[in-house]
Amino acid sequence: MGQVRSQMEAASLQRQNCDFAEESTARRPLFLRVNGAFHDVKDEDPLMNLSEYLRNILQHFGTKVMCHEGGCGCCVVVVEYDDPMKPEKRVIKSINSCLFPIGSLLSLKNHHVITIEALGSKNKSLHPIQQRLADYNGSQCGYCSPGFVMQMYGLLKNNATPTNQEVEDSFDGNVCRCTGYRPILDAMKSFVNDSAKNQRGFFIDIEDLKTCPKTNQLCKQSHLNRIGPCTGQAKSTDNLLFSTNTIKWYQPTKLTELYMLLQEHSDKAIKIINGNTAKGVYKNDGPYQVFLDVKGIPDLYTVSMEPSCLKVYSNVSLNSLIGYLKQYSDQSPTYNVIASHLLKIANGPVRNTGGWAGNLMMKWMHHEFVSDVFVVLEAAGAKVTVSYIDAVNVYTLMDFLDVNMQGKFLLFVEIPKLAEGELMNTYKIMPRNQNAHAYVSAGFRVNTRVSNKKQLVKTISMVYTGIAKNFVHATATEKYLQGKDLTSNDTLQGALTVLDKEIIPDDSDPLLASAAYRKILAQALFYKFYLFLLSDDKITPCNRSAQYSLERPVSTGKQTYTSRPGEYPLTKPMPKLSARLQTSGEAQFINDIPPLADELYATFVLSTEGNATLGNIDSTAAMAMPGAVAVLTAEDIPGSNTFMPPPYVVEEIFSSGPLLFAGQPIALCVADSQQHALQMVDAVKVTYQDQKPPIVTLDEAIEKKSFHPSPGPGLLVGDPANAISVSPCKVEGEIRAGEQYHFYMETLICRCVPTEDGLDIQASSQWLSLVQQVVADAIGTQVKNINVTTKRLGGAYGGKATRTNLVACSGAVAATVLRRPVRCMMDLSTNMKAVGKRHSYVVRYKVGFNEDGTLNGIIITYYCDTGSSPNDNEVGENLVFSDNAYRCKNWQLIPVALKTNRTSHTWCRAPGSKPNIFVIETILEHVAKFLSMDPIGVKQKNLYARGDSTPMGFVLPYCSIQDLYSYQLTKVDVAKRMQAIQKFNADNLWKKKGLAAVPLKYSLYWSWGCFLCTVSIFASDGSVIVSHGGIESGQGLNTKVAQVCAYMLGISVDYVSIKPTTTNSSPNSGATGGSIASELNCMGVQHCCEILRERMKPVKDKLPPGTSWKNLVAACYQAKVNLTVQDWVWPDSQPEDAPQYNSYGVTVAEAEVDILTGENQINQVDILFDCGESMNPDVDVGQVEGAFIMGMGYWLMEKMIYDPKSGAVLNATTWDYKPPFSKSIPVNFNIELLKNAPNPMGVLRSKASGEPPQCMSCATLFAVKRAIEAAREDAGQNAYFPLNGPATVEVIQTSCLVDYKKFSI
Ligand SMILES: Cc1cc2nc3c(=O)[nH]c(=O)nc-3n(C[C@H](O)[C@H](O)[C@H](O)COP(=O)(O)OP(=O)(O)OC[C@H]3O[C@@H](n4cnc5c(N)ncnc54)[C@H](O)[C@@H]3O)c2cc1C
Ligand code: FES
Ligand code: FES
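Because the structure is a prediction, the values reported are computed rather than measured. (Residues numbered from 1 in each chain as written. Chains lettered and ligands numbered in written order. Predicted model: local features only at pLDDT ≥ 70, side-chain atom pairs only at ≥ 80, totals over all residues. Heavy atoms only, no water.)

So, the pattern of salt bridges: which residues are in play, and what are the values?
Counted under the stated rule, the structure contains 55 salt bridges. Close ionic contact of Glu 69 with Lys 283 constitutes a salt bridge, the shortest N to O distance being 2.5 Å. Of this pair, Glu 69 sits in the loop between helix H3 (50-57) and strand S4 (76-82) while Lys 283 sits in the loop between strand S9 (270-273) and strand S10 (290-293), and the two are 214 residues apart along the sequence. Among the residues examined, Glu 69 registers a relative accessible area of 9% and is labelled buried. Overall, the relative accessible area of 42% leaves Lys 283 in the partly exposed class. Glu 168 is paired through a salt bridge with Lys 189; the nearest N and O atoms lie 2.7 Å apart. (Salt bridge = Lys/Arg side-chain N within 4 Å of Asp/Glu carboxyl O. Helix = DSSP H or I, 4+ residues; strand = E, 2+ residues; numbered from the N terminus. Buried < 20%, exposed > 50% of the residue type's maximum accessible area, 1.4 Å probe, protein only.)

So what's going on with the site of ligand 1? Residues and values would help.
In the neighbourhood of ligand 1, 35 residues make up the surrounding shell, with Asn 276, Thr 277, Gly 355, Asp 372 and Lys 428 lying closest. Ala 346 places a polar main-chain atom, nitrogen or oxygen, 3.3 Å from a nitrogen atom of ligand 1. Taking 970 Å² as the accessible area of ligand 1 by itself, protein coverage stands at 97%. Those elements giving two or more residues to the shell around ligand 1 turn out to be S9, helix H14 (356-365) and strand S15 (409-416). Of all the elements, H14 adds the most residues to the shell around ligand 1, at 6 residues. (Near = heavy atom within 4 Å. Polar contact = N/O pair within 3.5 Å; in protein donor to acceptor, adjacent residues only side chain to side chain. Areas by Shrake-Rupley, 256 points an atom, 1.4 Å probe, with all protein chains shown as cover.)

Describe the nonpolar core, listing the residues and the values that go with them.
Membership of the largest hydrophobic core comes to 293 residues, with the highest contact counts inside it found for Tyr 464, Phe 526, Val 1024 and Phe 1303. It is helix H19 (residues 515-533) that provides the largest number of residues to this core, a total of 12 residues. Contacts of Val 1024, omitting those with residues within four sequence positions, involve Val 1015, Ser 1016, Ile 1017, Cys 1045, Leu 1049, Ile 1051, Tyr 1055, Val 1056, Ser 1057 and Trp 1109. If you look at the next biggest cluster of nonpolar residues, it comprises 43 residues, including Val 312, Ile 338, Val 403 and Val 413. (Core = buried A, V, L, I, M, F, W, Y, C linked by side-chain atoms within 4.5 Å. Contact = heavy atoms within 4.5 Å.)

So, the packing of helix H35 (residues 1177-1196) against helix H36 (residues 1258-1274): which residues are in play, and what are the values?
Between H35 and H36, the least distance of the axes is 7 Å, while the angle of their chain directions is 45°. The angle between the axes of H35 and H36 places the two elements in the oblique class. Note on element contacts: H36 touches H35 through Cys 1258, Thr 1260, Leu 1261 and Val 1264, opposite Phe 1188, Met 1192, Trp 1195 and Leu 1196. Residue composition of the contact of H35 with H36, by class: 7 nonpolar, 1 polar and no charged. (Axes fitted to C-alpha atoms, helices over the stretch in contact; angles between N-to-C directions. Parallel < 35°, antiparallel > 145°, perpendicular 65-115°, else oblique. Nonpolar A, V, L, I, M, F, W, Y, C, P; charged D, E, K, R; others polar.)

Please provide a residue-by-residue account of H19, values included.
Taking 1.5 Å as the rise per residue, H19 with 19 residues should run 27 Å; its terminal C-alpha atoms sit 27 Å apart, in good agreement. Along H19, 16 of the 19 residues are buried, which leaves the element largely enclosed by surrounding structure. (Expected span 1.5 Å × (residues − 1).)

Before we move on, could you go through the sheet that holds strand S40 (residues 1124-1129) and cite the residues and values that matter?
Pairing between sheet strands relies on hydrogen bonds along the backbone, with the strands arranged either parallel or antiparallel. Pairing within the open sheet is mixed, and its 4 strands lie in the order S38-S37-S36-S40. Two strands bound the open sheet, and with one partner strand each, they are strand S38 (1056-1058) and S40. Each strand of the sheet is rotated relative to its neighbour by a mean of 15°, with strand direction disregarded. One ladder, built from 3 bridges, connects strand S37 (residues 1024-1027) with S38; its direction is parallel. Bridge pairing links Val 1024 to Val 1056 in S38. Here helix H32 (residues 1037-1049) sits on the sheet in contact with strand S36 (1011-1017), S37 and S38, set at roughly 150° to S38. (Pairing = 2+ DSSP bridges.)

Before we move on, could you go through the packing of helix H33 (residues 1077-1102) against helix H34 (residues 1109-1118) and cite the residues and values that matter?
Two elements in contact, H33 and H34, have axes separated by 9 Å at closest approach and are oriented at 105°. As summarised for this structure, H33 and H34 are arranged roughly perpendicular, according to the angle between their axes. On H34, the residues touching Met 1096, Val 1099 and Lys 1100 of H33 are Trp 1109, Leu 1112, Val 1113, Ala 1115 and Cys 1116. Within the contact of H33 with H34, the residues separate by chemical class into 7 nonpolar, no polar and 1 charged.

Before we move on, can you summarise the sheet that holds strand S26 (residues 715-717) with the specific residues and values?
Read from one edge of the open sheet, 5 strands run S26-S34-S33-S32-S27, paired in mixed fashion. One side of each edge strand has no neighbouring strand; the edge strands of this open sheet are S26 and strand S27 (729-737). Adjacent strand axes in the sheet meet at a mean angle of 10°, parallel and antiparallel pairs treated alike. Here strand S33 (residues 855-867) pairs with strand S34 (residues 890-899) via 10 bridges, running parallel. Along S34, the bridge assignment pairs Ile 858 with Trp 891. The sheet strands contacting helix H28 (residues 913-930) are S27, strand S32 (840-849), S33 and S34, and the helix crosses S27 at an angle near 140°.

Can you explain the side chain of Asn 435? Please cite residues and give values.
If you trace the backbone, Asn 435 turns up in the loop between strand S16 (422-429) and strand S17 (440-451). Its relative accessible area of 10% is what places Asn 435 among the buried residues.

Please provide a residue-by-residue account of the packing of aromatic side chains, values included.
Scanning the entire structure with this criterion turns up 35 aromatic pairs. When the centroid spacing of 5.5 Å and the interplanar angle of 90° are considered together, the rings of Trp 990 and Phe 1303 count as edge-to-face. One end of the pair, Trp 990, is in the loop between helix H31 (974-987) and strand S35 (991-1004); the other, Phe 1303, is in the segment after helix H37 (1289-1295), with 313 residues separating them in the sequence. We note that Trp 990, like Phe 1303, is buried. Pairing Phe 1188 with Phe 1229 gives two aromatic rings, centres 5.8 Å apart and planes at 40°, and the pair type is tilted. With Phe 1188 in helix H35 and Phe 1229 in strand S43 (residues 1228-1233), this pair connects stretches of sequence that are 41 residues apart. On the basis of relative accessible area, Phe 1188 is assigned to the buried category, the value being 0%. In this structure an aromatic cluster arises from ring pairing among Tyr 427, Phe 444, Tyr 464, Phe 471, Phe 526, Phe 529, Tyr 530 and Phe 532. When the ring centre of Tyr 480 is taken as reference, the NZ or CZ atom of Lys 484 above it lies at 4.1 Å. Sitting over the face of the ring of Phe 1281, Arg 1272 holds its NZ or CZ atom 3.9 Å from the ring centroid. (Phe/Tyr/Trp six-rings, centres within 6.5 Å; stacked < 30°, edge-to-face > 60°. Lys NZ or Arg CZ within 6 Å of the ring centre and 35° of its normal.)

Here it is in structure tokens:
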């Protein structure tokens, strides 16, 4: 039995632990100023993050949180304060509130935090940024929206006339998983040269927000002038701002005070607080006893241009440093180089607060840290000054790494000007082009002299990070190069050979890129620098492309569609109904519901072993933690210990013994706050027995024949074995596709409140009736006692279809056992470790074909890792997608479900279809390569024609793919562009381009979807409420439903309100998934409205023409018409289980690759998609774009990394897992919804848009592959090679077969 503490015990312990209140009652108030109001924080923990304070204390829920590590941007707020150097000037910064401790705000004089709440609200008026974001359809689920709005607000407050480039540059810290970024960027770029910025109210006027801390009324506040850092005696205790049993927080205002404090506490663990952003990277540093917040020391912001150097004190943030370097760029050419490199660090909000000094200290504490600051400053020959009470010392950066910093302070850095004859450049290669740490960073500085047309090296400095913990200088190569002539190829090769020997990358950390890649990067970056030193006439033209980095222009895009104004509001392009709520931050997600008085918080203890038996769970220490209430285990579950009901295989809520994967939940820690619950988790001690080696990889599972029971018979059509054997040409191969974390911005959460009749549950679920069922089973009650509600989801993408059951059951168990409301939420790390992702594949195939590329026979075996359970398995169920758009008479499709010791994987947007389409596209590419033909032509030859049959035996009566393919190729000028690409590739050795086209046939099935829809008209005013069984997760379901309802009833959309989905109003409804929920719920509402119209007709016929809707409804009511209709939608299967209809599309993608580094850029994507007659083209374009970019992330960026020993997820952070950012999207991104394409088999002639377009995103991988092929040809390798997904920067570069021995000038 787990441990439970009574409420009284908990309260008493809480009092013992929470000593702020007792100690500080006599202390002066300490005011935090938020949106004009002053809040006394003297009793709060100064280390509390601002986001936590805003949300938990002030209940300002507009500011969202997700990663808590500066990596997602949804928590961005703006802070204003007096410039410490120029008090008359205000500093305005966007910051990550998840990293900023509230204590630290008190050092910023006249600080003022502005959150999304201050900008505007839906009911009063929206701020123009909020309004534009909504109008441009830049908000789907809306979870990221407040962060984007605040980031833009911060930008405009600093720069009222930004350029398009500046706008795009400023979103390097905000993730949006839904929209694909294009509409967000368009919305924000609409402020470039925009008159709206000059309107009153555009910027929040600080004077308007002055309220008195005592009365909360407007006042002059002269009595508040003392707020801010104290001044006065250098007596340390005067600077003591907060004090508890365990920590002391000081706020010195002068250097002398700081030194005294450092000396006074030199025996303690001290943390200097400047930006506090290191916490986003090294979360476990500490514990610290003394915090010295140095932000109130004006001297530390000093920057001066000295005769030989730029002298920068330690409080200067990275962004300020960049500003100064640019300001003084005329003093030294290197200052711009350094500034450009520093701009690649982290993201705007982190650079706004994080400083160079903190960064160097991170390197000092963790030598393996890939510090960009260290690389560029060491390359520049910078020196740092370290000070303590009575001395200062100057060090080179290398020496600084060995200094004992106990009791010392990093005071300033001197960045020298470039000496005569010197040149410097720096490079950073990262897995994503924004907000990513380096694979390898390098900085080079050389001093040369010219003699007899020779360019001789006097000295050279070659600095690296990302190679090995203690590897900084390539000293042997530096030595070798001295005196050598750079214009000689021998010098280059000689240096590269020495470098090859001395670069020995650390290969011990699975999180790092491969040693081979990092080694060739080190050489390639040196090569780039080498060519940079030479004048163009000394470089062979085809080598010049090595010199420059890919340049990304401002992105553009065009959206083309038609609508039928005569049908409006149906087919009307309009923003989502909740867009304004979302952009104003008022849209309430589950974690935004204010807690009840006695609400508890629960979080999971996870197994660290991947194949073992649970030993003992010792929760003694956890129960002694502040706020601890209970540690619950399997024995506490009143009902069944599974969160998947029969006929699914059991997946235990908390392990009863067997541990099937590292990350499996073992217990639940319940406390009075999320923070306390998380702290308890670390204190639970778990022992394990019978540890066995887990099966972690797909290859191991295949080799050991570790399979789940057969996922189905597969498919055999014709005689593929014979067709292949008699074919004149045949190939076989293997291709792989990885996992994908859903990366919903709202992690899994559930709130369970015990009520008179059972439990009220708010669940982040796509399938409420399933939650209802499993919760009832888990707590041993009837389904009728469980009421589940979901208003909206902060993204889902299939990941909340069944996996939310785990948090729902856990929360419900806790709420039942403890009889208190419980909020059970996964933080990002827990979510990534414990919860299933998109399935990964190894696929083997054989194919026979003719010399012209016509397919004869195909055999494909799909090995799909479903993880530790076969639940949510996709492999046998999606064979309908295996042919994509290609005709072949003989097929064999064999699905195999691999059983590994990984978490049970689950559906993810376009499950099965996306990998299967990738596989057949790969096969066509392979065929083309074998025949030395262009893949586009081979694909075209095999495309289905109208009336063809698929391997499943379905006739394609409306198939238009041949026409669409030709249309799109012509429209986007493929032939001409291919010629230009060929020329480009012939002219350039080190940059290559590629173009690929992917067609699509996507089969939609309705028969598995069931939803209950209800439409009620209110007699008093004619307004209408709709409840349906679908879940709004950003896909615009509610908006389409409202449009259909309004259209059918002949009223304005304003009359219609869509209510939250509940199991009471829509019982038995199925999962929202597979792109069909929008259609089926629209269909249900359409049916309801038809019945309502019929019922109302007799009354209407008796009324005079032109009678208003309101009067008509009133008359119907008087005539006793029932104004509520329900419709149960569960479509029958089509004959022979054929799809309801097929969607078609074509995508053409063009990529450019830096062959030396693997960096790549998708220059252009043109998507043609058949959406039938779109119900709302704005929403559907948004779905196409969002799906496509999520797909691009899967193919080019997102990689899960597992511990080879335990199978634990290693990269459960935004630091190591990289979904697309706003500059990952195609530079030119064009979408066309097929015109004049009404779908006779669809709802109101429409087609689905949520998943199909994602299946074409592999075009980006193939475009990159074309570019790689061009590089491989240069390397003398023309054979076919498979490019597995994800083709990360590392994979791309290593596929290019770059050999440093071929580097030449
Ligand atoms: C999302 C994210 C992405 C990032 N990406 C990159 C990247 O790509 N490349 C890169 O190089 N870095 C990256 N960083 C690291 C970032 O640059 C550092 O977190 C930041 O520069 C640290 O500065 P700070 O002022 O916030 O330091 P703090 O967090 O305040 O302090 C860090 C440490 O330094 C000590 N310290 C601070 N100032 C002094 C001083 N003057 N004297 C003595 N000790 C001091 C503190 O005691 C503390 O131990 C990233 C960080 C985040 C959160
Ligand atoms: S929650 Fe702050 S950046 Fe993600
Ligand atoms: S709208 Fe951006 S994450 Fe959903």
